Amino acid sequence: MNAILLIAHAPLANALRQCALHVFPDCGGTVMAVDVQPNLSPEETLATARIAMDQLAQPPHIQGVLVLADIFGATPSNVAQKLVDGVHSRLITGVNLPMLLRAVSYRHEALETLVSRAMVGGTQGVMQVAITAPQNQRRRNHDQEEHDHQQ
């Protein structure tokens, strides 16, 4: 099994973790969150993240750690880059809830497979949704009624 470490600007990491726990109540031991506080230095955040990473990697059944950060190039991502080794841990930036839920669902698979599934979950979870309610549609020239009625 793999563990998941969320690193994001406060309060996003813990909020995402709470969402994951809402859907998968049993994932608490394998999903941890580090919220990057605006008043802490990157070094202090890195120290906190190292502790979380060590705690996740300790149980004997944990084979790897997938680190999910919010924005590439920002402090959470920069901190996360210093944590991952590319062998027992991997980093994906641009975390969203569909990505996290997919990762939690497949955390028992090999780390490389987990990375692929998380990436697909994150990208497939972003879509434009058509608005079909009559009050949101453009009026056609031949429409005789001037007002849409909502029920």
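Residues numbered from 1 in each chain as written. Predicted model: local features only at pLDDT ≥ 70, side-chain atom pairs only at ≥ 80, totals over all residues. Heavy atoms only, no water.

With respect to the sheet that holds strand S4 (residues 89-93)
Stated precisely, the cut-off is as follows: Pairing between two strands requires that DSSP report at least two bridges joining them. Strands here are runs of E lasting at least two residues and helices are runs of H or I lasting at least four, both read from the DSSP assignment and numbered beginning at the N terminus. Angular values range over 0 to 180 degrees, each being the angle between N-to-C directions of two axes fitted as lines to C-alpha atoms, with helices fitted over their stretch in contact. By the convention used here, residues are in contact when the closest approach between their heavy atoms is within 4.5 Å.
Pairing is parallel across the open sheet formed by four strands, whose spatial order is S2-S1-S3-S4. Here the strands that pair on one side only, and so sit at the sheet edges, are strand S2 (31-36) and S4. Each strand axis lies, on average, 20° off the axis of its neighbour in the sheet, ignoring direction. Two elements, strand S1 (residues 2-9) and S2, share six bridges in a ladder whose sense is parallel. Bridge assignment links His9 to a residue of S2, and that residue is Val36. Strands S1, S2, strand S3 (64-69) and S4 of the sheet are contacted by helix H2 (residues 42-57), whose axis makes an angle of about 180° with S2.

With respect to the packing of helix H4 (residues 97-105) against helix H5 (residues 111-124)
Think of two packed helices as two axes; the pair is described by the angle between the axes and how far apart they sit. Stated formally: Helix crossings fall into two classes, left-handed where the near helix is turned counterclockwise from the far one by less than a right angle and right-handed where it is turned clockwise. Lys, Arg, Asp and Glu make up the charged group, whereas Ala, Val, Leu, Ile, Met, Phe, Trp, Tyr, Cys and Pro make up the nonpolar group; the residues left over, Gly among them, are polar.
At a minimum axis separation of 7 Å, H4 and H5 run at an interaxial angle of 150°. Seen from above, H4 lies across H5 with right-handed handedness. Contacts between H4 and H5 involve Pro98, Met99, Arg102 and Ala103 from the first element and Leu114, Arg117, Ala118, Val120, Gly121, Gly122 and Gln124 from the second. Grouping the amino acids of the contact of H4 with H5 by side-chain chemistry returns six nonpolar, three polar and two charged.

What about helix H3 (residues 75-83)?
The criterion, for reference: Any residue under 20% of the maximum accessible area for its type is buried, any over 50% is exposed, and the rest in between are partly exposed; the area is computed with a 1.4 Å probe on protein chains only. Note: the arc covers the axis-to-C-beta directions of the helix.
Along H3, the residues that are buried comprise Pro76, Ser77, Val79, Ala80 and Leu83. End-on, the buried residues of H3 take up no more than an arc of 160°, which puts them together on one face.

Regarding the side chain of Asn96
Selection rule: Between N or O atoms, a polar contact is any pair within 3.5 Å; within protein, one atom must be a potential hydrogen donor and the other a potential acceptor, and residues adjacent in sequence are included only when both atoms are from side chains.
Secondary-structure assignment places Asn96 in the loop between S4 and H4. Judged by its relative accessible area of 19%, Asn96 falls in the buried class. Among the polar contacts listed, one links the side chain of Asn96 to the backbone nitrogen of Met99, at a separation of 2.8 Å. With residues near it in sequence (within four places) discarded, Asn96 still touches Leu16, Gly122 and Val126.

Just distances and angles here, no functional claims.
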